[in-house]
Every structure is written in C-alpha cells, then in structure tokens.
Amino acid sequence: MTPPTESDTQRIPVRYWIWLFGAAVSLLGDLTMSFAIGWSATRHGGSVAGLILLLAAAPRAILLLVGGAVGDRYGAPRVLLASCTAMFLVTGALVPATLAVGEPVWLLVILAIVVGSIDAFFLPSSRSMPRLLVPPEQVPRALASFQVTGVVFAVTGTAIGGVLVSWAGLRAAGGFDALTFGVMIIVLIVLRKTIAPSKRMPTGMLRSIGTGIRVAFGNPLTRALLITMTVAAGLLMPLDGLLFPLLARDHGWDAATAGLLVASRSLGVGVIALRILMWGAFPRPGVVAALGLLLAAVGLLGLSVFDPLPLTFAAGVVSGIGVGTFTGHVLPLLMNSVEREFQSRLQSIVVLCQNIALMVMNPLLGGLADVDTVGITGVCLGIAVLAAVAGCVVLTRPVVRAATVS
C-alpha cells in the first residue's frame with residue numbers, strides 16, 4: 001500500500017502501511033461476517049437479533065480489561081497474532097458446521113459468545129497499533145488513512161456480504177472471513193521484529209488493570225471523551241448490525257440491498273477520513289466532534305422519514321459523514337491523552353464502555369422495533385433526537401471545547 005505523498009505524512013513508517021494493508025483485508029472479512037450474522041439473526045425477529053448481539057457483547061465486556069492488560073504486558077502484536085489465529089480457526093470451522101446443521105439460533109448464540117470472547121483480546125491490541133507504529137503528531141492522519149482504506153474495503157465488504165449471504169448464507173461468509181484472517185496472520189509474522197517490545201510491567205495483572213482505570217478516568221479530558229464515546233456508541237453502533245438490516249426488511253429489500261445501505265454509511269465516513277488524511281484534522285477537534293453528532297442526527301432523521309431507496313441511501317451517507325466527523329476527531333484526542341504504555345488498557349476501557357452501551361441498547365432497540373406503535377422508523381427517529389441532544393451537551397463541556405491534538 002503506497003503512503004500519501006504530502007511531506008508531513010512521509011514520516012509515517014513503512015511498517016504502518018504494511019500493517020494497514022493486513023488490517024484492511026481483515027476488516028473486509030469482519031464486515032462480511034458481521035453483516036451475515038446480523039442478517040441471519042434478524043430472520044428470527046428483532047428481539048432474537050438483539051439478544052444474539054447482546055450475547056456477543058457480554059463476554060467481550062467481561063474479559064476486555066483482562067485483554068487490555070495482557071496486550072500491554074505481552075505486547076499488542078503478539079496478542080493480536082494469537083487472536084487472529086483463534087479467529088481463523090473459528091471462522092474456518094463455521095463452514096462444516098453450517099453444512100451440517102444450517103443456521104439455527106443455537107449456532108448463532110455459540111458463535112456470538114466465542115467471537116465476543118476472542119474480541120476481548122483482539123480489539124484492545126488492534127486499536128492500539130496505530131499509536132505504537134507512528135509518532136503522536138501523525139496519529140490523526142494514521143487513523144484517517146485507516147478509515148479511508150477501511151471505507152473502500154467496507155463498501156466492498158458489505159456488498160460482498162450481501163452477495164455471499166444471498167448465495168450461501170453464513171457458510172460462505174465464514175469461509176471468506178477465515179481467508180482474510182490468514183492474510184493478517186502473515187502480515188503480523190512479517191512485522192514481528194519491526195516493533196519495539198513492550199516494557200515489562202512491574203506489577204501484577206489486577207494492579208495493572210487498576211492503574212489503567214485510574215489513568216483513564218483520572219484525566220479530565222480522557223474521562224469526558226470516554227463518556228461521550230459511550231453515549232455515541234449506544235446510539236450509533238447498532239446501526240450496521242441491527243437497525244439497517246431491520247430497516248431493509250421493513251422496506252421489503254433483500255440482503256444485497258441491505259448491504260448497500262450499510263455501505264452508504266461507510267461511504268460517508270470515508271469522505272471525512274479522506275479530508276483529514278489530505279489536510280489534517282479540523283482545528284478545535286472537540287467542537288467539530290460535537291458537530292459531527294448533530295450531523296449524524298440529521299442523517300438518522302432522514303432514515304426515519306424517507307421511503308425511496310435513493311433518499312434512504314443519501315440519508316445513510318449523511319449519517320456516515322456525521323459519524324466520521326465525530327470519530328475522526330475524538331479518537332486522536334483520546335489516544336494522545338495517555339502515554340504509550342497504557343494504550344492497550346485505554347482501548348480495552350473504550351471498548352468496554354462501548355460494549356456496555358451495546359448490551360443495553362441492542363436488546364432495547366430490537367425490542368422497540370418489534371412494537372407496532374414504534375417500529376424501526378420510530379427507533380431511528382428516537383436515536384436522531386438523542387444524538388442531537390448528546391451533541392449539544394458535548395458543546396457545553398469546556399475541557400472538550402478547548403482540547404487540541406498534540
């Protein structure tokens with residue numbers, strides 16, 4: 001993968017671009033699998049789909065702090081390699097399993113629990129890698145380059161997911177995901193000697209977890225960003241896996257069309273990520289992130305009122321632009337608010353907060369979507385209102401308004 005030509009981005013090490021290639025390919029498989037699980041689950045109704053997504057989030061939430069401490073203790077690259085190997089075996093085993101028994105609810109439940117458990121170790125290490133591979137001042141553009149590349153793969157992945165699910169269901173998605181994890185394993189083996197080993201923690205596992213929590217919540221800026229991201233996660237993260245498939249079924253669209261709807265949001269995210277990659281983040285990133293929540297609310301409002309597919313697609317793009325504006329400015333602030341040796345633990349806390357929000361919101365939103373007087377359009381409207389309120393609240397926080405990426 002060729003890095004950008006701007007002089008201020010040439011300092012990003014080559015090792016980052018190698019890792020980015022593997023991460024993007026792995027993302028392609030993950031998105032395909034996530035869409036396949038969501039589509040298979042929604043076949044059994046919104047309540048069942050919400051429960052399955054809850055069962056994926058629960059073990060992730062229980063084990064995340066341990067996963068973050070393990071990543072900082074043994075090194076994120078090593079933990080990431082072990083996690084990718086486990087996911088390769090699980091997704092590969094899904095092919096013969098679905099051939100034998102199909103896609104019953106109990107198989108989806110087992111899959112959700114196993115994948116959620118592995119994610120508890122995979123996600124903190126994976127999300128800490130950009131901060132370990134590039135200098136602090138390059139974090140915004142490094143993350144933007146991942147988002148730009150990710151959007152290309154995301155649009156492709158959701159489209160592929162729709163086609164694969166229409167063709168052979170969860171079986172095809174599992175086999176494809178296994179292949180992409182194989183690519184990531186090769187990349188991590190190539191990079192194993194290019195990343196400085198982590199400092200050996202002088203304290204035990206429980207004490208290191210406690211230290212990470214104190215560092216995260218003791219810093220006023222980090223604390224405010226964590227709270228903001230938790231609220232945003234509960235409102236915006238259920239879109240791809242739960243709400244978009246339910247919205248597609250409500251309109252009578254097939255899996256391929258549902259995949260394109262998910263891709264519309266990714267396309268919006270990519271517009272902002274490309275802007276950050278080319279020209280850097282906007283000044284006053286905290287203020288811009290809050291405005292992103294307001295724009296996401298506008299897109300969600302469109303999803304709740306538009307019926308024609310082109311207008312629904314456009315609303316998905318607008319919501320993605322809002323989400324991209326929010327994440328593209330919040331994540332660099334968060335990463336640079338703590339020291340390098342706390343990155344895996346910080347990311348484990350971030351993902352834990354997001355998972356707690358999802359554990360509450362996925363069953364709630366899925367159940368509300370099944371209520372005749374609310375439905376999926378009422379759910380989208382409610383989320384739009386709450387996202388707008390959240391954006392306004394963030395604008396009132398001085399520590400976020402004054403924050404800069406250093």
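Residue numbers here run from 1 along each chain, matching the order of that chain's written sequence. Totals for whole chains, interfaces and linings use all residues, but because this is a predicted model, local features are given only for residues with pLDDT of at least 70 and pairs of side-chain atoms are given and counted only at 80 or more. Hydrogens and water are ignored here; the side-chain numbers use all heavy atoms of the structure.

Put simply, the rule reads: UniProt positions are given in the numbering used here, feature names are shortened, and annotations may be inferred rather than shown by experiment.
The protein goes by MFS transporter in an unreviewed UniProt entry, where it is assigned to Kribbella sp. HUAS MG21. Looking at the protein in UniProt, the text filed under Subcellular location (unreviewed entry) is "Cell membrane".

Looking at the overall build of the protein
This is how the line gets drawn: Here a helix means four or more residues in a row that DSSP labels H or I, a strand means two or more in a row labelled E, and each is numbered from the N terminus. Here the globule rule reads 2.2 Å times residues to the power 0.38, and the radius of gyration is calculated from C-alpha atoms. By the convention used here, residues are in contact when the closest approach between their heavy atoms is within 4.5 Å. To be clear on the numbers: accessible area is Shrake-Rupley with a 1.4 Å probe, and residue cover counts the displayed protein chains and nothing else. Charged residues are defined here as Lys and Arg on the positive side and Asp and Glu on the negative side; His and the ends of the chain fall outside this count. Here the site of a charge means atom NZ of a Lys, CZ of an Arg, CG of an Asp or CD of a Glu.
The number of helices and strands found in the protein is 14 helices and zero strands. Listed by position from the N terminus, the elements making up the protein come as α-α-α-α-α-α-α-α-α-α-α-α-α-α. For 406 residues, the compact-globule estimate of 2.2 N^0.38 gives 22 Å, and the protein sits close to it at 20 Å. When its C-alpha atoms are laid out on the principal axes, the protein stretches across 55 × 50 × 45 Å. Across the protein, contacts joining residues at least 24 apart in sequence account for 88% of those joining residues at least 6 apart. Roughly 15,900 Å² of accessible area belongs to the protein as shown, and the carbon and sulfur atoms make up 71% of that amount. Of the side-chain charges in the protein, 25 are positive and 16 negative, and the distance between the mean point of each set is 14 Å.

Details of helix H1 (residues 14–42)
Counted only if it meets this: In a helix, the anticipated span is given by 1.5 Å times the number of residues less one. Note on exposure labels: buried denotes an accessible area under 20% of the residue type's maximum, exposed denotes more than 50%, and partly exposed covers the range between, all computed with a 1.4 Å probe on protein chains only.
The end-to-end C-alpha distance of H1, which contains 29 residues, comes to 42 Å, matching closely the 42 Å that a straight helix rising 1.5 Å per residue would cover. For H1, a buried count of 21 out of 29 residues is recorded, marking the element as mostly surrounded by other parts of the structure.

Focus on the packing of helix H9 (residues 255–279) against helix H11 (residues 309–335)
Quick note on the threshold: Axes, fitted as lines to C-alpha atoms, cover a helix only where it is in contact. Angles between the N-to-C directions of the axes lie from 0 to 180 degrees. These descriptions rest on fixed angle ranges, namely under 35 degrees for roughly parallel, over 145 for roughly antiparallel, 65 to 115 for roughly perpendicular, and the rest for oblique. Take the far helix as the reference: if the near one is turned anticlockwise from it by less than a right angle, the crossing is left-handed, and if turned clockwise, right-handed.
Across the interface, H9 lies against H11 with an axial gap of 7 Å and an inter-helix angle of 40°. Between H9 and H11, the angle falls in the class oblique. Note on packing geometry: the crossing formed by H9 with H11 is right-handed.

Points about the pattern of salt bridges
Heads up, the rule is: Only one rule defines a salt bridge in this text: a Lys or Arg side-chain nitrogen within 4 Å of an Asp or Glu carboxyl oxygen.
In this structure the tally under the stated criterion is two salt bridges. Where aspartate 119 meets arginine 60, a salt bridge forms, and the shortest distance between an N and an O atom there is 3.2 Å. With aspartate 119 in helix H4 (residues 105–133) and arginine 60 in helix H2 (residues 46–74), the pair connects residues that are 59 residues apart, well separated along the chain. For the residue pair aspartate 119 and arginine 60, the accessibility class agrees, reading buried in each case.

Observations regarding the packing of helix H10 (residues 285–305) against H11
What counts is decided by this rule: Here the term charged refers only to Asp, Glu, Lys and Arg, the term nonpolar to Ala, Val, Leu, Ile, Met, Phe, Trp, Tyr, Cys and Pro, and the term polar to all other amino acids, Gly among them.
Direction vectors running N to C along H10 and H11 enclose 160°, while the axes themselves pass 7 Å from each other. Compared by their axis directions, H10 and H11 come out roughly antiparallel. At the point where H10 passes H11, the crossing takes the left-handed sense. The residue makeup of the contact of H10 with H11, split by class, is 16 nonpolar, 10 polar and no charged.

Some points on the environment of valine 288
Tracing the backbone shows valine 288 in helix H10. In sequence terms valine 288 and alanine 56 are 232 residues apart; their C-alpha atoms lie 32 Å from each other. Residues contacting valine 288, with those up to four places away along its chain left out, are Phe282, Pro283, Thr325 and His329.

Digging into the packing of aromatic side chains
Condition: Pairing of aromatic rings covers Phe, Tyr and Trp, the last counted by its six-membered ring, and requires centre-to-centre distances within 6.5 Å; plane angles under 30 degrees mean stacked, over 60 mean edge-to-face, and any other angle means tilted. For a ring to carry a charge above it, either NZ of a lysine or CZ of an arginine must fall within 6 Å of the ring centroid while also lying within 35 degrees of the normal to the ring plane.
Counted by the stated rule, this structure contains three aromatic pairs. Taken together, the ring pairs connect Tyr16, Trp17 and Trp19 into an aromatic cluster. Positioned over the ring face of phenylalanine 282 is arginine 275, at 3.8 Å from the centre of the ring.

Some details on the nonpolar core
The test is simple: Nonpolar cores were defined as sets of buried Ala, Val, Leu, Ile, Met, Phe, Trp, Tyr and Cys residues, with membership established by side-chain atoms within 4.5 Å.
Among the nonpolar cores identified, the biggest contains 97 residues, and Tyr16 and Trp19 are the most heavily contacted of them. With 12 residues, the single largest contributor to this core is helix H5 (residues 139–191). Ignoring anything within four residues of it in the chain, the contact list for tryptophan 19 reads Leu80, Ser126, Met129, Pro130, Leu133, Phe146, Met184, Val187 and Leu191. Core analysis: the second largest hydrophobic core is formed by six residues, Ala144, Val148, Ile272 and Ile276 among them.

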